[in-house]
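Examining the three-dimensional arrangement
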Amino acid sequence: MADNELPMNLREDNVSEETKKLISSLPKDKDCRGKLCKYQGCWYYYNTLQAVISFQNNFQPQDTDIILASSPKSGTTWLKALTVALLERSKHDPMNHPLLSDNPHGIVPFLENNLYLKSSTPDLTKYSSSSSSRRVFATHMPLHTLKEGLKGSPCKIVFMCRNAKDALISLWYFRCKYQKLEMTRGILESMFESLCSGVSFYGPIWDHVLSYWRGSLEDPSHVLFMKYEEMKEEPCVHLKRLAEFLGCPFTEEEEESRAVNKILQLCSLRSLSDLEINRTGKTSNGVDYKFYFRKGEVGDSKNHLTPEMESKIDMIIEEKLKGSGLSL
Ligand code: PAP
């Protein structure tokens, strides 16, 4: 894939003069896909940084907004689907549900990887979850950067994190698929080095995760911290937790009518990935929806990383999270 065919968020062709000036004062580095700079402690490709800054300057929050945050490849698609299904429940007949005709990424746009990437003042009116009045957006920005754009608004923020090793393997597959690259050890090793050094898109992952972890401890009614692995292990428990946090808990009647299970079924990897839209559609950045669905297994990294690679990641993460009360 040539540089100009890379998705827009990875490129550097949409940066204002002001942002260029800012970039010149920031720490810079690069990875195998392009130039990165470190803004507010987080590494971005230049076009994405431009979008982050446009978001921070121009986003007009509403108190009822919901922001779904995650590190890349940590269960964003699933979290988007579950949130849409929660908010939309009882408003649609099961055959006419928005998730049946659109991908979760089409329904819940990324702030910086989509909306503010395309325009510094995007039209957000159509992004209310279709028949409820709440808007739902997604982001991979760390919490302190997100909060600048939220300007003190009491939005609900849900963060989903995942074991860094599985997220790395997920990203390796995803990147090779959409860039039409052969899945070589060389690519995996260079991504492994980026992860370990912290110089990776949205990295360092430990700082990213810690921003939300600490935010959830400080303000649990506005920041909910979820783990992909826990969601896989006890989906009913965590879906109910999500519903309560968002202020739309399941009623007794709903529980009796198995509404929790119905949502989990609708949003399961298998159900979503079997849908026509997810087999053949693309994001507005031109990425095939099918690349967002793979195995969804906990521990898949064991099949790809050497024991040495695994223990290096484990050691780094353990050291960086020491004393925080969080383990990944
Ligand atoms: P993103 O950060 O690019 O939005 P994201 O959805 O967070 O991607 O991550 C994709 C991972 O979530 C894939 O994991 P894998 O590569 O280890 O398999 C994908 O399979 C998994 N995934 C997608 N949808 C679901 C789902 N409905 N349930 C569980 N896991 C899912």
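The preceding data block contains the structure.
Let me sum up the structure you'll find in this document. Since we're looking at a predicted model, the values are computed, not measured.

**Points about the site of the ligand**
Around the ligand sit 22 residues, and of these K73, T76, T77, S170 and G296 come closest. Between an oxygen atom of the ligand and a main-chain N or O atom of G75, the distance comes to 2.8 Å. In the model, an oxygen atom of the ligand is placed 2.4 Å from a nitrogen or oxygen of the T77 side chain. Burial of the ligand by the protein chains amounts to 96% of its free accessible area of 640 Å². The element contributing the most residues to the shell around the ligand is helix α3 (residues 76-88), with three residues. Its residues assigned to classes, the shell around the ligand shows nine nonpolar, nine polar and four charged.

**Considering helix α7 (residues 143-150)**
Buried residues of α7: L143, T145, L146, G149 and L150, and no others. Down the axis of α7, the buried set is contained in an arc of 160°. They therefore lie on one face.

**Some remarks on the sheet that holds strand β3 (residues 42-45)**
Strand order in this open sheet of three strands is β1-β2-β3, and the pairing throughout is antiparallel. The open sheet terminates on both sides in strands that have one partner only, identified here as β1 (28-31) and β3. Within this sheet the neighbouring strands show an average axis-to-axis angle of 40°, counted without direction.

**Notes on unusual backbone geometry**
The general pattern is negative phi for most residues beyond glycine and trans for most peptide bonds. In this structure, the amide linkage connecting G203 to the following residue, P204, adopts the cis form with an omega of -5°. With respect to the helices and strands, P204 occurs in the loop between α9 (185-197) and α10 (205-218). One non-glycine residue, R258, lies in the positive phi region at around 60°. Examined against the element boundaries, R258 turns out to sit in the loop between α13 (252-256) and α14 (259-266).

The rules we used
- Residues numbered from 1 in each chain as written.
- Predicted model: local features only at pLDDT ≥ 70, side-chain atom pairs only at ≥ 80, totals over all residues.
- Heavy atoms only, no water.
- Near = heavy atom within 4 Å.
- Polar contact = N/O pair within 3.5 Å; in protein donor to acceptor, adjacent residues only side chain to side chain.
- Areas by Shrake-Rupley, 256 points an atom, 1.4 Å probe, with all protein chains shown as cover.
- Helix = DSSP H or I, 4+ residues; strand = E, 2+ residues; numbered from the N terminus.
- Nonpolar A, V, L, I, M, F, W, Y, C, P; charged D, E, K, R; others polar.
- Buried < 20%, exposed > 50% of the residue type's maximum accessible area, 1.4 Å probe, protein only.
- Arc of directions from axis to C-beta.
- Pairing = 2+ DSSP bridges.
- Axes fitted to C-alpha atoms, helices over the stretch in contact; angles between N-to-C directions.

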